[in-house]
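Structural overview
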Amino acid sequence: MTAGGDRVSAGPGPAGSIYDIGYRGYDGPRLGRRHAFSTLFVGGLRATFGLGRSGRAKIVPAFCVALPAITAVVIVALGAFASRFGISDLGVIPGHPDMAGSVGVFATILVAVQAPELLGRDVRYRVLSLYFSRALLREDYALAKLAALGAAVMAMLLLPHVILTIGAVLLTTDVLGALGREAGYWPAILGSTALTAAATAGVALAVAAFIARRAYATVAIFGVFVVPGIIAAVVITLELGAASRYLVLLDLGTVLDAANAWLFGVAPTAGIWPVTGLPVSLGLVAAIAIALGSGVILVQRYRTIAA
Amino acid sequence: MSIPATHDPAGPGPAGSGPAASRGSVIATIAALTARSLLGRRRSLLLVLLAILPVAIAFLVRLSGRATAGDEEVTTAVMDRLVVTTLVPIVGLVFGTAALGAELEDGTAVFLLVKPIGRAQIVIAKLVVAVGLSVALVAPAAFIAGAILAPGGTGLAGAIGAAAGTAVGATVYVTVFFALRLVTGRALAIGLVYILVWEGVLAGLLEGTRVLSIRQYTLAISAAIAQPGVVDPDRLDVRAAVVLAAIAVIVATVIAVRRLSTFQIGQADD
Amino acid sequence: MPGPIDATTAPLIRVEALTRRFPGVVALDALTLDIAPGIVGLVGANGAGKSTLLKILLGLLAPTSGRVEVMGYAPWTQGTQLRRYVGYMPEHPALPPDVSATEFVAQAGQLSGLPAKAARERTADVLRHVGLAEERYRPIGGYSTGMRQRVQLAQAIVHDPRLLLLDEPTNGLDPAGRDEMLGLILRTGTEFGIAIVLASHLLGEIEAVCDHLVAIDGGRLLRAAPMAEFTAETGILTVEVEDGRDTLAAGLAGRGLRILDGFGPADRTVRIALDGGVPFDVVRDTVADLGLPLVRVERGRHSLEDLFRDDLPAASAAVAAEAAVPATGPTSGDPS
Amino acid sequence: MSPRTEVPPGWGAAADAAAGRGRPRELTPGAAVELLGVSRWYGNVVAVNDISFTLGGGVTGLLGPNGAGKSTILHMLAGLLRPSDGVVAIHGTPSWRNPAVYRDIGLVPERESVHSFLTGFEFARLNARLQRLPDPDAAARRAIATVGLTDAADRAVGTYSKGMRQRAKIAGALVHDPSILLLDEPFNGMDPRQRLQMMELLGRMADEGRVILFSSHILEEVERLAQNVLVIVSGRLAAAGDFREIRRLMTDRPHTFTIRSSDDRRLAAILVGHPSVFGVQLDGGRLAVRTSDYVGFARALPGLARDGRVSLLDLRPTDEDLESVFGYLVQR
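Counting from 1, residues in each chain are numbered in the order their sequence is written. All chains are assigned letters beginning with A, and all ligands numbers beginning with 1, in the order in which they are written. With the structure being a predicted model, the display of local features is reserved for residues of pLDDT at least 70 and the display and counting of side-chain atom pairs for 80 or more, all residues being used for whole-chain, interface and lining totals. Processing note: side-chain calculations cover all non-hydrogen atoms of the structure and skip hydrogens and water entirely.

With that out of the way, let us pick up the overall build of chain B. For the purposes of this entry, the term helix denotes a DSSP run of H or I that reaches at least four residues, the term strand denotes a run of E that reaches at least two, and both are numbered from the N terminus. The helix and strand tally for chain B stands at nine helices and zero strands. For the exposure calls, accessible area comes from a 1.4 Å probe over protein chains only, and a residue counts as buried if that area is under 20% of its type's maximum, exposed if over 50%, partly exposed in between. When the 270 residues of chain B are sorted by exposure, 46% land in the buried category. Considering only contacts within chain B whose residues lie at least 6 apart along the sequence, 77% involve residues at least 24 apart. Only the protein chains shown count as covering a residue, and every accessible area follows the Shrake-Rupley method with a 1.4 Å probe. Carbon and sulfur atoms form 71% of the exposed surface of chain B, whose accessible area is close to 11,700 Å². Whether two residues touch is decided by their heavy atoms; if any such pair falls within 4.5 Å, the residues are in contact.

Pasting the structure below:
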């Protein structure tokens, strides 16, 4: 095959040449599992935010990302307004701990709608047989999807905190002082967002992995997030004996709230955790256990799922 | 495994003589098939769990001893929120849409349609089973939960009322959603929207919606039996409820039969 | 670490006493087999173990016992490394409807070890080779069955595999679509230089495309040999005339030829059992003398179907006749 | 393109074809299956476009590229789809919204349409009961035996292989001994042995006088089983009848013979002289001869070869098989 790469000389050389556009082999580098894992991870991340998909797929993710961010902006504006006019008694302007507590519901919505989208399609259209016949293991597929959804949720949860921090720093002239104060929160922020992301994404994917139809999967995921809470609430208000207190550990919302309380070192606010009188550290342990447990269930399911 | 050549050449024409089986046995056959297919599905078993939930909670409430007889707040919480608002419509939705919907989706409906039987018989057989299963699930659950929560004379009437109301409610839900599944492939989604939005949110705000809300029929009938004679302003009149429920069932059945007789392949099923 | 051995020397696939049991059924029973590079047909009855074998070769299923080696890799333990060099086309449609062919095949390439840039370049190339023009940018959901099969082939060769496993690639295609897909497979095997194992029920296709054949039944090897051995000439000469078959039969018998009773469309063909030499000229002259319209003179040929025909009574006469006569003839031209 | 080729004589529709379009035409009396001026459209997509044919006893192959309208025709015949125009008649009565017609029809749909929890026998008996047969059990056993599923009859259909599931569907469609059997892609997913058995089964049922219409993409099967074919191309009836007759009618298509002889070049020189030959090509050790007169050339060839002292080692008519006929019809 004559190399036509360089400048075609106008001299007596061959006036023209025909290049072989036939099938060419590939002798470049062939990467392994890690590359396959990162490809699936990036694909999953884009799918969670509906990038590269029809407009309709972007509605829910946009909604879940925008609202918490807007609340943060409002809070910063409120802070700015208060300091500008010297009004100090505006009541405690919500800070990071309150943000962590209230924004969790958006994580639930995002995972409930997107988890079935990430898994259901490949099962319903039997695309798994093409994925598993490639340079990856079945576990890699499940973990890549979990990592993608987890990362997406964590990013969504972090956004409002970043806005709050930027707001706090901009509001005062004493930039270094503000930075110092804000820095104090960030270990807890990172811990809380990571834990919430891992737990919600894990549970959602673990449920979606068993239900092919998207409509049923979303309803089931909402059920798993909501129903234990109702049951725990009813049982605990009826004080049916000491043992029943631990039922609250089934309700992810309350457990995460307790975990946040431990991380930020504040008293658990919403939910029925205070009623049970259990130590908040138990909430943290429970949250981690739920995240790990659901991850294991997801991986085990994809080890045996029919491709 | 070669084909035995001894197929007795009965030649074209009905196999053997004798009277054709009666219309009733055809309905029974379809009904048995539908029951077996509905109960075989994992989703239906989940409904059984959903039905047991109110009974379990009623039992827990009774165990805790906190709720005195007739304690309104807990009873309405369990009976209204769990049974009437959630259990009955969900059971009606799943059984109603799956009774024929399942076969439309996986193609098994075809061998039912290419038979010399009236489409009405298919509809009737399927409705009988779907309604039967739904009522068998919700009525006992309502009755037991009601009886546990409010023992004694008035309680019993309340329990019977709950059972009767939920039975009627389940029947109407199943029939309406059955017809809806034949009208559109997205019956499940539309059904969910009807339950959550129309009956859930709007009924509370707009008076008018109550007339077309199956939940109100249930509540009206239950209340009428539990406290005969007591007129409750924000409840439908029991006579109206019964008539409206009957109309709904009849209209839905007629629609279902007409839709099935003009059913064309590749149309309603998604 | 055993890299991909040079495809031309050692056998591509080596299987020794491979067994795979499922609860209640033995899918593969001590199968021993070597497959050399080329286009190899894999035939067998439903449930003979074909798809089980393919899954084991891909490393997606662990063998119960026995040894398997594909291009120097042990599929079950070195699956992810092996699969960078293997392309797989399942027999059922397996494409997501909401992505375009370009996007899906590029991702598939990366999942088989190609860096992102190489995957994008090779995707454009491969989609052109399988004949997808500008539709490649539309979502796959809108493709015809034929186009979908081409995308499934494209995703199997985008990463330039050394070995391609095809499971009934023309499933659901209409005649035109089947011819095109077979042409593509032939080009892939010959021009692109990729070894192919093709599992199919359509024996006509296998005869047209494959140069070797492996027949398995009940999980055991029935026969593995070059295609020529399966379609060798039989000891039967078929002569067909547009009309006047009976006079021809009588004429030929009169000239001392052994006539077999009709097997094909009885009204037009005469089948002559060849005892030693092939009486071409005798046939020609008889037909000329009788002035009959001669439309076919053809040496009978074994067909793959005979592998599956053993229990059908109608065929026994032909099979018996063939066995008796060695397949020789005065001018053994190329078995066209 | 040659002047409008008439539908081959002696085929049912021929009598009406000449009757011109507009005038309402009567159904052919006594025809088991008939389509008369049938069209079917979805919005502006015309799936079937003014097709008329009748079916007598025996096996007929329904052929056509994907999306040509084959399934639409089968579904209209089975009363599962309303014709947008024209009449689809079974024994003279329209099949749409007429459940009585199902006593004579057995349908084997392409989709998997058997409840997987039923056993083979239960499925057959279920069909027998819905057909209101007096003795469903006996009918079911007979149907199961006919398709050779006797020893698997008690296993759930969900555990069957694709070929066995196909035969279970056929048992269900046979249980009431219908005079008409409609099969949509019956050979799909069957291995060669099952296919051979299926062909023998359909052949035997046709010999019993039943009308069998089956659609298929595997032309090798159709060629060996179906005496007659109906070729549908984008909703239009492209050809009907014995495919050899159809090939003869393709006067615009030359007949080609492939010959291998002891001296190809000399034979070529001789043959070019014959009036019916208008093209000879020597390639790859084989002689391709194109002739306009199929029978005339065939009659002359042996004599010419003998006079030229050339031995005919291999002679084959190419483009005579169903695949070629189908290829030509699809391109027209």
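Glancing now at the side chain of T19 of chain C. If you trace the backbone, T19 of chain C turns up in strand β1 (residues 13-22). Among all residues touching T19 of chain C, those that are not within four sequence positions of it are V26, L28, D29, A30, P63, T64 and S65 of chain C.

Here a salt bridge means any side-chain nitrogen of Lys or Arg lying within 4 Å of a carboxyl oxygen belonging to Asp or Glu. Throughout the structure, instances matching the rule amount to 46 salt bridges over all chains. In this structure, D263 of chain D and R266 of chain D form a salt bridge, with 3.4 Å as the shortest nitrogen-oxygen distance. On the accessibility criterion, D263 of chain D (27% relative accessible area) is partly exposed. The exposure class of R266 of chain D is partly exposed, given its relative accessible area of 38%. Each of E240, R296 and E298 of chain C together with D314 and R316 of chain D takes part in one network of salt bridges that share partners.

What follows deals with the packing of aromatic side chains. In this scheme Phe, Tyr and Trp rings, the latter by its six-membered ring, pair at centre separations within 6.5 Å, and the angle between planes marks the pair as stacked below 30 degrees, edge-to-face above 60, and tilted otherwise. Under the criterion given, the structure shown has eleven aromatic pairs over all chains. Seen in terms of ring centroids, Y141 of chain A and Y302 of chain A are 5.3 Å apart; in terms of plane orientation they differ by 35°. Their pairing is tilted. With Y141 of chain A in helix α5 (residues 138-171) and Y302 of chain A in helix α10 (residues 280-304), this residue pair connects regions lying 161 residues apart in the sequence. Site record: aromatic cluster; members linked through ring pairs are Y131, F132, Y141 and Y302 of chain A. Residue placement shows R248 of chain D over the ring face of Y294 of chain D; its charged tip is 4.4 Å from the ring centre. Look at NZ for Lys and CZ for Arg. If either is within 6 Å of the ring centre and within 35 degrees of the ring normal, a charge sits over the ring.

Let's shift gears to the confidence of the model for chain B. Residue and element names in this part refer to chain B. Each residue carries a pLDDT value, the predictor's own confidence for that position, ranging from 0 to 100. When pLDDT is averaged along chain B, the result is 80; 84% of the residues meet or exceed 70. When the criterion is pLDDT under 50, residues 1-17 qualifies, and its contacts beyond four places in sequence or with other chains add up to 36 contacts. Across the interface, the model reports ipTM at 0.76; the global pTM reads 0.79.

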